[in-house]
Amino acid sequence: MKFNTGTSLLDAVVLAVVASEMDGTYGYKITQDVRSVLDVSESALYPVLRRLQVGGLLETYDKEFNGRNRRYYKISGQGKSELESYKTDWSTYVTKINGILGAGR
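Computed from a prediction, not measured in an experiment: that's the story for all the values here. (Residues numbered from 1 in each chain as written. Predicted model: local features only at pLDDT ≥ 70, side-chain atom pairs only at ≥ 80, totals over all residues. Heavy atoms only, no water.)

Draft legend 1. Structural detail: unusual backbone geometry. Unlike most non-glycine residues, asparagine 66 shows phi in positive territory, near 50°. Tracing the chain through its elements places asparagine 66 in the loop between strand S2 (58-65) and strand S3 (68-75). Classification of asparagine 66 as exposed rests on a relative accessible area of 66%. (Helix = DSSP H or I, 4+ residues; strand = E, 2+ residues; numbered from the N terminus. Buried < 20%, exposed > 50% of the residue type's maximum accessible area, 1.4 Å probe, protein only.)

See the structure below:
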């Protein structure tokens, strides 16, 4: 894709991916799900997860998996609110861009 991925879009996609899993999900799966829709390196996503956690949008917990500790991420109440805001903004943005680019004409 030729379009740049801004911080807000990346945050919104990560929050949506995490929110789709009721009990949370782990970092590697998040990176794979995000990379299936955005061209972003795996190494770029872990700082995003950390930033969202520090900002109170994600919560973490550790769980044993195959003898190793795996960190899981779960969306917080504040994260759910932020995700809804992103969805509203995205819908408005897409409508405006489609109006200019002529989608649906």
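Draft legend 2. Expanded view of the pattern of salt bridges. Summed over the entire model, instances satisfying the criterion amount to 6 salt bridges. Glutamate 42 is the partner of arginine 35 in a salt bridge, and the nearest nitrogen-oxygen pair spans 4.0 Å. With a relative accessible area of 29%, glutamate 42 lands in the partly exposed category. Between aspartate 62 and arginine 71 there is a salt bridge; the shortest N-O distance is 2.9 Å. Assessed through its relative accessible area of 39%, aspartate 62 is described here as partly exposed. (Salt bridge = Lys/Arg side-chain N within 4 Å of Asp/Glu carboxyl O.)

Draft legend 3. Expanded view of the nonpolar core. Formed by 21 residues in total, the largest nonpolar core has its most connected members in Leu10, Val14, Leu15, Ile30, Val34 and Leu58. Sorting the residues of this core by element identifies helix H1 (7-19), helix H2 (27-35), helix H3 (42-54), S3 and helix H4 (77-101) as the ones contributing at least two each. With 7 residues, H1 is the largest single contributor of residues to this core. Other than its neighbours up to four places away in sequence, leucine 58 contacts Leu15, Val18, Leu49, Leu52, Gln53, Tyr73, Lys74, Ile75 and Ser76. (Core = buried A, V, L, I, M, F, W, Y, C linked by side-chain atoms within 4.5 Å. Contact = heavy atoms within 4.5 Å.)

Draft legend 4. Fine view of the packing of H2 against H3. Across the interface, H2 lies against H3 with an axial gap of 10 Å and an inter-helix angle of 115°. Regarding H2 and H3, the two cross each other, and that crossing is right-handed. Where H2 abuts H3, its residues Gly27, Tyr28, Ile30, Thr31, Gln32, Val34 and Arg35 lie against Glu42, Leu45, Tyr46 and Leu49. Considering only residue class, the contact of H2 with H3 consists of 6 nonpolar, 3 polar and 2 charged. (Axes fitted to C-alpha atoms, helices over the stretch in contact; angles between N-to-C directions. Left-handed = near helix turned anticlockwise from the far one by under 90°. Nonpolar A, V, L, I, M, F, W, Y, C, P; charged D, E, K, R; others polar.)

Draft legend 5. Structural detail: the environment of lysine 74. Inspection of the secondary structure puts lysine 74 in strand S3. In this structure, the C-alpha to C-alpha distance between lysine 74 and valine 94, residues 20 residues apart in sequence, is 27 Å. Ignoring any residue separated from it by four or fewer positions in sequence, one finds lysine 74 in contact with Val18, Met22, Asp23, Gly24, Leu57, Leu58 and Glu59.

Draft legend 6. Structural detail: the packing of H1 against H2. In the contact formed by H1 and H2, the axes pass within 10 Å of each other and the chain directions differ by 120°. Comparing their axes, H2 and H1 come out oblique. H1 and H2 meet at a crossing whose hand is right-handed. Residues Leu10, Val13, Val14, Val17 and Val18 of H1 lie in contact with H2, whose contacting residues are Ile30, Asp33 and Val34. (Parallel < 35°, antiparallel > 145°, perpendicular 65-115°, else oblique.)

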